[in-house]
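These are the residues of each chain, in order.
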Amino acid sequence: MKSKQPIGIFDSGIGGLTVANAIATALPQEDFIYFGDTAHLPYGDKSSDTIRYYSLRIAKFLLDQNCKMVVVACNSASTAASQVLLDFFQENTHFVNVVDPLVQACLNKSYSKVGVIATKATIGSGVYQKALKDGQDKLDVHALATPLFVPMIEEGFVHNQISQSIIENYLKDPGFQDMDALLLACTHYPLIKSSIQAYLGPQIEIMESSEVAADMVKQILTEKQLLNPGPQQGKHKFYVSDLTDSFRQTAEHFYGEAIQLEHLPLWD
Ligand code: DGL
């Protein structure tokens with residue numbers, strides 16, 4: 001493997017752009033290829049078998065593009081497919097998922113009680129609950145599926161009355177009382193982080209995966225001596241399996257700056 005090869009990043013759609021942006025910020029000299037499976041969004045309502053099937057096909061595409069690393073920038077895919085991706089492809093590339101860095105960042109804080117919110121697939125997998133308890137058996141973990149958040153965010157309802165009311169409805173759950181931190185275990189949720197913080201108050205830490213995942217990418221590439229030395233600015237490609245005006249418009253919000261999405265009909 002060579003340091004000049006690109007990093008592959010994939011998500012069910014455009015939520016993973018939050019992770020892609022953190023990688024571009026932490027590692028500006030790296031080339032990356034982003035693939036958003038917008039034809040199959042959302043993954044959060046799909047079965048584990050279906051998510052695994054999609055993830056394997058996308059990883060194969062990214063390996064065909066010669067990616068030195070594949071970042072699974074989707075919690076639903078990370079929880080359902082991390083193991084099968086390793087089983088099939090760990091000889092050919094390095095993998096980073098978004099679960100391990102977030103769990104590690106949380107365990108480093110030695111909290112007593114944390115909340116986890118995510119899609120049905122992620123919460124139903126029990127992966128966060130198990131990893132957090134394995135790391136700290138006395139940690140009190142309250143996990144809740146919050147499936148309305150993804151369509152709400154995709155539709156641009158992020159800081160208005162409707163989003164406030166949905167946030168309140170989910171987070172008034174008594175299980176969240178007295179928590180020290182809330183983990184946003186879905187790559188869409190950073191877009192409503194400030195509204196969640198405003199609802200919960202400043203005493204509760206809101207943790208999300210984009211920056212810690214980018215740190216892990218950097219750490220592994222450094223260890224494997226695969227960091228692109230530059231000096232040029234990295235080239236970034238953004239592919240989606242279905243392209244609509246709505247994806248074009250919202251992509252900018254997720255990435256934080258204007259980007260050009262290209263249609264790649266992987267499933268034809
Ligand atoms: N971005 C995905 C995740 O992190 C959620 C979107 C979906 O359900 O596909 O889980």
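Residues numbered from 1 in each chain as written. Predicted model: local features only at pLDDT ≥ 70, side-chain atom pairs only at ≥ 80, totals over all residues. Heavy atoms only, no water.

1. Topic: the nonpolar core
Cut-off, in case you're wondering: Throughout this description, the term nonpolar core refers to a set of buried Ala, Val, Leu, Ile, Met, Phe, Trp, Tyr and Cys residues connected via side-chain atoms within 4.5 Å. Relative accessibility thresholds used throughout: buried, under 20% of the residue-type maximum; exposed, over 50%; partly exposed, between the two (1.4 Å probe, protein chains only). Each helix is a run of H or I in the DSSP string that is no shorter than four residues. Each strand is a run of E no shorter than two, and both are numbered from the N terminus.
Counting residues in hydrophobic clusters, the biggest one holds 54 residues, and the most contacted among them are I117, F149, L182 and I196. The element contributing the most residues to this core is helix α1 (residues 17-26), with six residues. Counting 27 residues, the second largest nonpolar core, distinct from the first, contains L56, F61, V72 and L85.

2. A short note on the layout of surface pockets
Note the cut-off: Definitions used for this entry: grid spacing 1 Å over protein atoms alone; cavity, a set of points where a 1.4 Å probe fits but cannot get out; pocket, an open set with protein on both sides within 12 Å along at least 5 of 7 lines; lining residue, one with an atom within 4 Å of a point. Grid points are joined across faces, edges and corners, and a volume is the space filled by probe spheres set on the points. When residues are grouped by polarity, Ala, Val, Leu, Ile, Met, Phe, Trp, Tyr, Cys and Pro land in nonpolar, Asp, Glu, Lys and Arg in charged, and all others, Gly among them, in polar.
For the largest pocket, the calculated volume is near 350 Å³. As for the largest pocket, its lining consists of 18 residues, and the residues nearest its centre are S82, L86, F95, N97 and D100. Counting residues per element, the ones that place at least two in the lining of the largest pocket are α3 (75-89), β4 (94-97), α4 (99-107), α6 (127-135) and α10 (210-223). Ranked by residue count, the leading element in the lining of the largest pocket is α3, at five residues. Of the residues assigned to the lining of the largest pocket, the class counts are 10 nonpolar, seven polar and one charged. Around the second largest pocket, the lining comprises 14 residues; the ones closest to its centre are T18, N21, E208, S210 and F254.

3. So, the pattern of salt bridges
Note the threshold: Each reported salt bridge corresponds to a side-chain nitrogen of Lys or Arg within 4 Å of a carboxyl oxygen of Asp or Glu.
Counted by the stated rule, this structure contains eight salt bridges. Taking the shortest distance from any N to any O, the salt bridge between K235 and D31 comes out at 4.0 Å. With K235 in the loop between α10 and β9 (236-240) and D31 in the loop between α1 and β2 (32-36), this pair connects stretches of sequence that are 204 residues apart. Among the residues examined, K235 registers a relative accessible area of 58% and is labelled exposed.

4. So, the site of the ligand
Condition: One heavy atom within 4 Å of a molecule or strand is enough for the residue carrying it to be called near that molecule or strand. Counting of polar contacts relies on pairs of N or O atoms within 3.5 Å, with two restrictions inside protein: one atom must be capable of donating a hydrogen and the other of accepting it, and residues adjacent in sequence are counted only when both atoms are side-chain atoms. For every accessible area listed, the method is Shrake-Rupley and the probe measures 1.4 Å; residues are considered covered only by the protein chains on display.
Taken together, 14 residues lie around the ligand, and S12, Y43, G44, S76 and T187 are the ones closest in. At 2.8 Å, a side-chain N or O of S76 approaches an oxygen atom of the ligand. Interatomic distance of 2.8 Å between a side-chain N/O atom of T187 and a nitrogen atom of the ligand. In isolation the ligand has 300 Å² of accessible area, and contact with the protein removes 99% of it. For the shell around the ligand, the residue count by class is six nonpolar, seven polar and one charged.

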